[in-house]
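Here is what each chain is made of, one letter per residue.
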Amino acid sequence: MKRPISMVIWIVVALVGAGALGGIAFHRGEPLNATWFVVAAACCYLVAYRFYSAFIAARLLTLDDTRATPSERHDDGRDFVPTNKWILFGHHFAAIAGPGPLVGPTLAAQFGYLPGTLWLIAGAVFAGCVQDFIILFCSIRRDGKTLGEIAREEVSQRGGFIAQLAVLAIMVILLGVVALVIVNALKSSPWATFTLAATIPIALLLGLYLRFLRPGRVLEASFIGVALVLFVVVAGQWVADSPSWAHVFTLSGVTLAFALIAYGFAASALPVWLLLAPRDYLSAFIKAGAIFSLAAGILLVRPQVLMPPLTRFIDGSGPVFAGKIFPFCFITIACGAISGFHSLISSGTTPKMILRESHARFIGYGAMLMESFVGVMAMIAACAMTPGVYFAINSPASIVGATSDAAAATISSWGYPLQAQTMTDLARAVGEQTLLNRAGGAPSLAVGMAQIFSSTIGGPRLLSIWYHFAIMFEALFILTVLDAGTRVGRFMVQELGGRVWKPFARTGWWPGILISSALIVGAWGYFLYQGVVDPLGGINSLWPLFGISNQLLAAVALVVATTILLKMKRIRWIWLTLIPMTWLVIITMTASYQKIFDPNPRLGFLSYAKALAAQITAGKIPAVKIADTQRVIFNQRLDAAVTAVLAAMIIVLIIEALMQWYRILSADRKSVLHETAYLATRWPENFSGASYTATAAEPDVPAMEG
Amino acid sequence: MHSVQVEAPGHMEQPHALALAIWIIRLAAKLWLGIREWCGDSAYERYVQAQRTNSEKVSLLTPAEFYVDRLNRRYSRPNRCC
């Protein structure tokens, strides 16, 4: 009896999901309610989790709960800690959820709501979740080894080296572009700049509290920190209203870029407990709160989606970034559907903490579904505002003009009506001097979130507070990515440098720390600076570059997964990873080719450099601007070279993998699977690794320091 | 390692209201322990227990030493994503 009822329920869920997706896809005319998006996404996720992930777990990976996981084999209470699956889900989700699924869909909304939403759902179900799940499984079976180590063992030495280089490349480009998102959100905004600046002394205070006063008492310190951060969000208004203080915190893009570079260097070189870790605690709590609030807000307010399903910009002429819907919708969405970076988390901390193999399904597949849902919410928030306002916020001045009148006239001429007064009123309502030309996704997402939040609590009176809360939330956890990423990048540089000169690899050696921090900060700082001074707004060049590198790393992870599945003799089901891998290779190669060689100067790096060089030769550039223009030309050529190197790396890796696959399939050589040997678990079946209670082993612990 | 068991209210013998109250308190306790573990508050306790389980004679780090050691390990590999 139970089975037929269950079947009926799942048939209903599938039909409701299909109906909602159909509604989104074929609805025309009147604005669509956001509920359709939520229902479509939720039903697709439920069905995918219940059936597709179960199929992968049972048939493809044959997860085995009788096998001891790394957390049981090496339980040391430090890296290897058996953890309850719900808590590990929280850890894993907090680690994978960054600014990408918020910014990517917001930018991709320039194509309309439909392509981005469909890719967010389908991409996650068939590619992103599969990647996260399988790499997590592979790492669990290899004592928690990293993606680079697995690639070296299972594909080839060169494959492992390429994976490590890809990680470093993505890290540098990622940090440059997320820093640019912050700069574009904070420039000329004393309120937002003060709020974010104030989080630094708050984090330092927390760092000292947790190090000397109450070591490790993260929860109480975080409560204090979050209360202080919420206070400075409100206090920012007083700063913005004070002419003398507002002047101090009104900073240009270039000044903010150098401030961020200095911050990144300090966070990387200073002890981790002082600034980096306490900021991460603050960010984790505020991130969790803001994401749940946004979900609740969307469900309560059920906003109308005002953006059309498809805009005229699918032809590649979009003002936010250039490029046609294929491949740039997929490249731009990136993390919300599939992110190569997740494979680093799935082969990092999580496999060392997982309790049972079967939990990999819930944590690997399930957490990525939740990330995709965050992307869908960002898409709803971006599309809930008037299209004219969306384009005015996200388009650079070189395309729509720098004044409200010019922007309104240009955007209205595209068929998206906009009054100049609308932008002036909106800026005043959110407490900003202007909202024009704020490319990067953060301000438009903050406007969308603020409109949803203020419809729930406070009304228009609190719009400015909600807007700055949203900006603070985005900027705070972008800064967390920035400082944590810079530190990890520093370790990678030290490891590489150590191969040339051994003392450089010593992580406690100050000259090594300072030089490696300067190198990594200098690398992403250069991309940031070039984005800030780019006449086309920076995001136009850098976000696609980030998307390409991210999707490239995902292709690397899927190449590794496919190789392992072949070695496991899962040839019948190899399409599960082979199809998403092939798709990613096609989109990254097409996007790379277009970004390098396209004759349209807004799209192709080389044609833009050529067009600027021709302008200098023709004497169209004033003498005072020639040096700046030559720098832009150099940057375009550099971006072209970086893109070409990324594309070459994936081609080499695929050739390596194809050779390996040929050997496996032709039985020319016995393929060796580098799994750790089977060890039966000693844990009882009902052991859940649930929360430890202090009473169990209140020890004679050494006295506290300080 | 211990877990707080949360039984469904209907399975208890106490009067209905009291059973419900106990169930809610136990659920809240479980949530509280979960949050402590998620944010790292109970990490030191887990470490002490793991060390004691692995060996009789161990030299334990102090809470402050363990806190710094844990952070250094955690932030030397990718742990925050894009």
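Residues numbered from 1 in each chain as written. Chains lettered and ligands numbered in written order. Predicted model: local features only at pLDDT ≥ 70, side-chain atom pairs only at ≥ 80, totals over all residues.

## Some points on the environment of F326(A)
Residues and elements named next belong to chain A. Definition in use: Under the scheme used here, helices are H or I runs from DSSP no shorter than 4 residues and strands are E runs no shorter than 2 residues, and both carry numbers assigned from the N terminus. Put plainly, a residue is buried at 20 or more neighbouring C-beta atoms within 10 Å of its own, exposed at 12 or fewer, and partly exposed in between, counting only other residues' C-beta atoms, which are placed from the backbone.
Mapped onto the fold, F326 is located in helix α14 (residues 325-333). The class for F326 is partly exposed, based on 15 C-beta atoms found within 10 Å. C-alpha separation for the pair F326 and V500, spaced 174 residues apart in sequence, amounts to 43 Å.

## Some words on the nonpolar core
Residue and element names in this part refer to chain A. The cut-off we apply is this: Here a nonpolar core is just a set of buried residues of the types Ala, Val, Leu, Ile, Met, Phe, Trp, Tyr and Cys, joined wherever their C-beta atoms sit within 7 Å.
Counting 253 residues, the largest nonpolar core has V178 and I380 as its most contacted members. Top contributing element to this core by residue count: helix α23 (residues 463-500), with 20 residues. I596, F605, A609 and A640 belong to the second-largest nonpolar core, a separate cluster that totals five residues.

## Remarks on helix α6 (residues 113-140) of chain A
Given 3.6 residues per turn, any residue in an α-helix points the same way as the ones three and four places further on. Selection criterion: In this scheme, a helix's expected span is set at 1.5 Å multiplied by one less than its residue total. Take the seven residues that end at a residue and the seven that start at it, fit an axis to each, and the angle between those axes is the bend at that residue.
When the terminal C-alpha atoms of α6(A) are compared, their 38 Å separation across 28 residues agrees well with the 40 Å that a helix rising 1.5 Å per residue should span. Roughly 55° is the biggest bend found in α6(A), and it falls at A124(A).

## A word on the confidence of the model for chain A
Residue and element names in this part refer to chain A. Condition: Predictor confidence is given residue by residue as pLDDT, running from a minimum of 0 to a maximum of 100. Once C-beta atoms are placed from the backbone, any two residues with those atoms within 7 Å are in contact.
Put simply, chain A has an average pLDDT of 91, and 97% of its residues get 70 or more. Here helix α8 (residues 157-186) stands out as the element of chain A with the lowest mean pLDDT, 88, in contrast to α6, whose mean of 98 is the highest. Taken as a whole, residues 691-706 scores under 50 in pLDDT and shows 39 contacts with residues more than four places along the chain or in a different chain.

## What to know about the interface of chain B and chain A
Note the cut-off: For this scheme, ten residues count as nonpolar: Ala, Val, Leu, Ile, Met, Phe, Trp, Tyr, Cys and Pro. Four count as charged, namely Asp, Glu, Lys and Arg, and the remainder, Gly too, count as polar.
At the interface, 43 residues of chain B touch 61 residues of chain A. Elements supplying a minimum of two residues to the side of chain B that touches chain A: α1 (16-39), α2 (43-54) and α3 (63-74) of chain B. Tallied by class, the residues present in the side of chain B that touches chain A amount to 21 nonpolar, eleven polar and eleven charged.

## Observations concerning the packing of helix α4 (residues 85-96) of chain A against helix α17 (residues 359-383) of chain A
All names here are of chain A. Convention followed: The axes used here are C-alpha line fits, helices contributing only the stretch in contact, and every angle between their N-to-C directions lies in the interval 0 to 180 degrees. If an angle is under 35 degrees, it is roughly parallel; if it is over 145, roughly antiparallel; if it lies from 65 to 115, roughly perpendicular; otherwise it is oblique. Two helices crossing with the near one rotated counterclockwise from the far one by less than a right angle form a left-handed crossing, whereas a clockwise rotation gives a right-handed crossing.
Where α4 contacts α17, the two axes come as close as 9 Å, and the packing angle between them is 40°. Considering the angle they form, α4 stands oblique to α17. Between α4 and α17 the crossing geometry is right-handed. Touching K85, L88, F89, H92, F93 and I96 of α4 are H359, F362, I363, G366, A367, M370 and E371, all from α17. By residue class, the composition of the contact of α4 with α17 is eight nonpolar, three polar and two charged.

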